[in-house]
Amino acid sequence: MNEHIASQAIEALLESFRQKSRVQASSLITSVFGDAILPRGGRVWLGSLIKLLQPLDINERLVRTTVFRLVKDEWLQTEAVGRRTDYMLTPSGQRRFEEASRQIYAAEPPLWDRRWRLIMVVGELEPRQRERLRQALYWQGFGDTGSGCFIHPSAELDVAFDALAADGMADLLPQLMPLVALNPKLSPSADDASMVQRAWNLDGLASAYSSFVCRYQPILDALQQDPTDSVNEEQACLARILLIHDFRRFLLRDPELPEVLLPTGWPGNQARLLCKEIYRRLLAPSERHLDQCLQLANGDMPRAARLLLRRFQIEDGLEQPA
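On a predicted model such as this, the values are computed, not experimentally measured, just so you know.

Criteria and thresholds
- Residue numbers here run from 1 along each chain, matching the order of that chain's written sequence.
- Where totals are concerned, whole chains, interfaces and linings use all residues; where local detail is concerned, this predicted model gives features only for residues with pLDDT of at least 70, and gives and counts side-chain atom pairs only at 80 or more.
- Computation of side-chain values: all heavy atoms of the structure, hydrogens and water removed.
- When two cysteine sulfur atoms are found within 2.5 Å, that pair is recorded as a disulfide.
- The classification of residues rests on relative accessible area computed with a 1.4 Å probe and restricted to protein chains. Under 20% of the type maximum is buried, over 50% is exposed, and intermediate values are partly exposed.
- By definition, any uninterrupted DSSP run of H or I lasting at least four residues is a helix, any uninterrupted run of E lasting at least two residues is a strand, and each is numbered from the N terminus.
- Strands qualify as paired when DSSP identifies two bridges or more between them.
- In this description, one arc is meant: the one made by directions from the helix axis to the C-beta atoms.
- Residues count as neighbours in contact if any of their non-hydrogen atoms are within 4.5 Å of one another.
- Axes here refer to lines fitted to C-alpha atoms; in helices the fit is confined to the stretch in contact. Angles between the N-to-C directions go from 0 to 180 degrees.
- As a per-residue measure, pLDDT tells how confident the predictor is, with possible values from 0 to 100.
- Centres within 6.5 Å make a pair out of two Phe, Tyr or Trp rings, where for Trp the six-membered ring is used; the pair is then stacked when the planes are under 30 degrees apart, edge-to-face when over 60, and tilted otherwise.
- In this scheme, the term charge over a ring applies when either NZ of a lysine or CZ of an arginine sits within 6 Å of the ring centre and within 35 degrees of the ring normal.

Moving on to the state of the cysteines. All chains considered together, the criterion is met by zero disulfides. Here Cys214 stays unpaired: no disulfide links it, and the sulfur of Cys275, its closest cysteine neighbor, is 15 Å away.

Look at any regular strand and the pattern is simple: side chains alternate between the two faces of the sheet. By the alternation rule, side chains of strand β6 (residues 149–152) split into Cys149 and Ile151 and Phe150 and His152, which are all buried. Examined bridge by bridge, strand β4 (residues 115–121) and β6 share four bridges and lie antiparallel to one another. Bridge pairing in β6 links Arg117 to His152. Of the pairings in the sheet, the one linking strand β5 (residues 143–144) to β6 comprises two bridges and is antiparallel in character. The residue bridging Asp144 from the neighbouring strand is Phe150, located in β6. Taken together, β5 and the strand that follows it, β6, pair antiparallel across an intervening segment of four residues, in which Gly146 is found at a positive phi of about 85°.

Each α-helix turn comprises 3.6 residues. Residues three or four places apart therefore point the same way. Restricting attention to buried positions, one finds in helix α8 (residues 192–199) the residues Asp192, Val196 and Ala199. Take α8 and look down its axis: the buried residues cluster within an arc of 75°, on one side only. Turned more than 90 degrees off the buried face of α8, the exposed positions are Gln197 and Arg198. Residues of α8 that are buried make contact with β4, β5, β6 and α9 (202–225).

If you trace the backbone, Arg114 turns up in the loop between α5 (91–104) and β4. Discounting chain neighbours no more than four positions away, the residues touching Arg114 are Ala181, Leu182 and Lys185.

Pairing between the strands of a sheet is mediated by backbone hydrogen bonds and can be parallel or antiparallel. Within the open sheet, the three strands sit side by side as β1-β3-β2. Their pairing is antiparallel. Both edges of this open sheet fall to β1 (43–45) and β2 (76–81), since each of them pairs with a single strand only. Averaged over all neighbouring strand pairs, the angle between strand axes comes to 25°, with direction disregarded. Bridging between β2 and strand β3 (residues 84–89) involves six bridges; their strand directions are antiparallel. Bridge assignment links Val81 to a residue of β3, and that residue is Arg84. On the sheet, helix α4 (residues 60–72) packs against β2 and β3 and is oriented at approximately 110° with respect to β2.

Our next topic: the confidence of the model for the chain. Here the chain averages 89 in pLDDT, while 94% of its residues score no lower than 70. In this model residues 317–322 is a low-confidence stretch, pLDDT under 50, and it forms eleven contacts with partners more than four residues away in sequence or in other chains.

Take the packing of aromatic side chains next. Tallied over the full model, the rule gives 13 aromatic pairs. Ring plane angle 35° and centroid distance 6.4 Å describe the contact between Phe68 and Tyr87, whose orientation is recorded as tilted. Of this pair, Phe68 sits in helix α4 while Tyr87 sits in strand β3, and the two are 19 residues apart along the sequence. Judged by its relative accessible area of 43%, Phe68 falls in the partly exposed class. Seen from their ring centres, Tyr209 and Phe250 are 6.1 Å apart, and the 70° between their planes marks the pair as edge-to-face. A residue pair is termed long-range when its members are at least 10 positions apart, and Tyr209 in helix α9 and Phe250 in helix α10 (residues 233–251) qualify at 41 residues. Like Tyr209, the residue Phe250 is buried in the burial classification. Aromatic ring contacts, followed pair by pair, group Tyr209, Phe212, Tyr216, Phe247, Phe250 and Trp266 into a single cluster. Residue placement shows Arg84 over the ring face of Trp45; its charged tip is 3.7 Å from the ring centre.

Next up on the list: the side chain of Ser7. Relative to the helices and strands, Ser7 resides in helix α1 (residues 5–18). By relative accessible area, Ser7 is classed as buried at 17%.

Structure (structure tokens):
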């Protein structure tokens, strides 16, 4: 058996990203804040973040540009410590990352209470405003019925409104009505499945999940054949970053529809299980790398909080990272 099969599979994944790193740099850095920095108190010295991402061919200028944009958008704030500066999550940024984390690292999709969450537009919006609203709600997993109504099976409406305000759309909130609705199933009437077909492009989402599975299944296969110790800590960390980055991009626009409304063999279920298993195998070595790499402006090297081990409910039988 090739003792380095896992290392080779991960290196192929990293090289694939390097070829398009400039395109995805901004989104990836956001993923790093949610996955690696949030459990360490939500703050980091920029120099250590630059060092962490250097092996992915994300240069210093790209990191600085992205982080400055996150400050401008009020996701991050700065705090000077001597000649260095920490970048840390704002209170609203913290809430948004924590909410996203609950969705990303859930062991399974939430149960459905058979009630729809609706955000209805009251009155008329300018075309540009409506498109901006549609895009913002799309990234929260809301579907668009095309009639001034956005729907979701399980979203927390107060969280959705907070996110819209954080996206600079607080002025639109008085024109939006949040509702929770139960389908009485009158006959004849449109059914839930018809509304799902209208509101979401499930074919496109299924294709994205299938691509994720095709990309990461070889990584799991290799890790199952090869001891995790054969993968160096830096490789494990970078692979974990890319894994969550890719999974997050699909999941955060997934409405997580109940099983009864999904096509048979929905690939999103396979993608979640795959992500969970790879994450579990990479967690310990990747944490050892982050412990040595992520630094605060005062020189401290913060360790991750215990909450890290609750992700995907994988704490059972897993020792806390050293």
